[in-house]
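Observations on the three-dimensional arrangement
Residues per chain are reported as follows:
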Number of protein chains: 2
Amino acid sequence: MLLYIMSSEKNETRNRILKATWELLESKDGADVRMIDIARKADISRQAVYLHFENRGDLLVATTRYIDDIKNVEERLRKSRQAKAGTERLLAYIEAWGNYIPEIYGVAKALIALRPVDGDASRAWDDRMDAVRDGCEAAIKALQKDHKLLDGLSPKVATDILWMLLSVPNWELLTQRCGWSQKAYIKHMKAQAMRLLVG
Amino acid sequence: MLLYIMSSEKNETRNRILKATWELLESKDGADVRMIDIARKADISRQAVYLHFENRGDLLVATTRYIDDIKNVEERLRKSRQAKAGTERLLAYIEAWGNYIPEIYGVAKALIALRPVDGDASRAWDDRMDAVRDGCEAAIKALQKDHKLLDGLSPKVATDILWMLLSVPNWELLTQRCGWSQKAYIKHMKAQAMRLLVG
DNA sequence: GATGTCAATTGACACTGTGTCAAGTGAATG
DNA sequence: CATTCACTTGACACAGTGTCAATTGACATC
């Protein structure tokens, strides 16, 4: 307990930086969030940010971890794994991940924007997407076990398709540019997955 | 004829810059192509690039136009519009656009990367995507006319779905990260469109 | 109460890339 | 011969990232 408080106290500034980063990335729809903006929001000097994070990429990566912690992704996705029947599980996964996207969208956008330039950001984002792919793969495996996978579709290809369907750019296109509500997005994604994967 | 030669001669350097930009964006998989790289490849000084293009965004936009001209997009897409039956037309459009993506991929990537920062690049890319959407909409309309549109699907939603399916990020995910061949990509996209839209 | 530690501050600076400007060159045009 | 045009060169402003050295103020320890 003492240890917990200590580390919490010690990381107070660090957490304030992470929170500031998150909030700025969420609010400013663009990714033109500078280090100085973050510092100002966290009420410290620009240089002090570098006492806690090596560079911009490092900070963004840490921010995604921070959000995961607070939003408790693991918990949510675990629930989707409890569904027994293959199709139920597929739908539960779509619901869990699909509803998580809007919560990380701000950071995701910044990370994607940094991708061509920053190797760290690139790796961080790819790692996260690989994790999503694992989830897709597991859902497809469950489908296959129940003999519900569409005829002529290999698990690999089915996983690829589901992964594509649930990508952040697709969510962005449909909800931000096409004006779909989050509810409509989830509904249609479920319907599409059923049509494309379940036979 | 004289006029043609004159303008061609006059624009020789301009075309060399466009060609250099294109080639660099294609070759360097990243988008870290600097103005000086382009200038060097075009065999002129960095500053001279600004005699032909206002800024980086302007140059990138002009490069997409240049590629369109050389690759003759209009011609290709027009062919897809000649198909009479709704489903034929849908498939022809997927084939035409789907096979065009790899040819503009390098520039597309650079333009997308610039999006959060540069307003010009943003607008340029959005314009191009709007044009694709128009193509999708026309294909869906043709489908509807033939009473082939899946029951319960509005033309708007159907257009959105087709647009999403044929997006560049999806192409990137499937062919670059999942290792699909271009041929497999086209085949599966057609199959998916049929499942999702045709009833 | 002196000492040391530690987080943070301040001001300065190097570096990169974009975009601008002024002066100059060299070849073609009239 | 003078002008024009595309281009060159060198210099510079500006923005953003990342680094460094010297300093401050709080807190802990002996």
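Quick caveat: nothing in here was measured; it's all calculated off a predicted structure.

Here's the deal with the protein's contact with DNA strand D
With respect to spatial proximity, 15 residues lie near DNA strand D, and among them Arg 46 of chain A together with Thr 13, Ser 45, Gln 47 and His 52 of chain B are the closest. Restricting the count to atoms of DNA strand D within 4 Å of the protein gives a sugar and phosphate share of 54%. The separation between a phosphate oxygen of DNA strand D and a polar side-chain atom of Tyr 50 of chain A is 3.1 Å. One nitrogen or oxygen atom from the side chain of His 52 of chain B is found 2.5 Å from a phosphate oxygen belonging to DNA strand D. Of all the secondary-structure elements, those providing two or more residues to the surface near DNA strand D are helix H4 (46–49) of chain A together with helix H4 (46–49) of chain B. Taken together, the residues that form the surface near DNA strand D break down as five nonpolar, six polar and four charged.

A word on the protein's contact with DNA strand C
Taken together, 16 residues sit near DNA strand C, with Thr 13, Ser 45, Gln 47 and His 52 of chain A together with Arg 46 of chain B positioned nearest. If you look at DNA strand C and keep only atoms within 4 Å of the protein, 55% of those are sugar or phosphate atoms. In this structure, Gln 47 of chain A approaches DNA strand C through a side-chain N or O atom, which is 3.0 Å from a base oxygen. Take Tyr 50 of chain B: an N or O atom from its side chain is 3.1 Å from a phosphate oxygen of DNA strand C. Within the residue set of the surface near DNA strand C, elements represented by two or more residues are H4 of chain A together with H4 of chain B. Looking at the surface near DNA strand C, its residues break down into five nonpolar, six polar and five charged.

Quick word on the packing of helix H9 (residues 155–165) of chain A against helix H11 (residues 182–197) of chain A
Residues and elements named next belong to chain A. Between H9 and H11, the shortest axis-to-axis distance is 11 Å and the interhelical angle comes to 165 degrees. Classified by the interaxial angle, the pair formed by H9 and H11 is roughly antiparallel. Two packed elements cross with a definite hand, and for H9 against H11 that hand is right-handed. Taking contact as the criterion, the partners of Ala 158, Ile 161, Leu 162 and Leu 165 in H9 are, on H11, Tyr 185, Met 189, Gln 192, Ala 193, Leu 196 and Leu 197. Each residue belonging to the contact of H9 with H11 can be placed in one class, and the counts come to nine nonpolar, one polar and no charged.

Reading the values: the criteria
Residues numbered from 1 in each chain as written. Chains lettered and ligands numbered in written order. Predicted model: local features only at pLDDT ≥ 70, side-chain atom pairs only at ≥ 80, totals over all residues. Heavy atoms only, no water. Near = heavy atom within 4 Å. Polar contact = N/O pair within 3.5 Å; in protein donor to acceptor, adjacent residues only side chain to side chain. Helix = DSSP H or I, 4+ residues; strand = E, 2+ residues; numbered from the N terminus. Nonpolar A, V, L, I, M, F, W, Y, C, P; charged D, E, K, R; others polar. Axes fitted to C-alpha atoms, helices over the stretch in contact; angles between N-to-C directions. Parallel < 35°, antiparallel > 145°, perpendicular 65-115°, else oblique. Left-handed = near helix turned anticlockwise from the far one by under 90°. Contact = heavy atoms within 4.5 Å.

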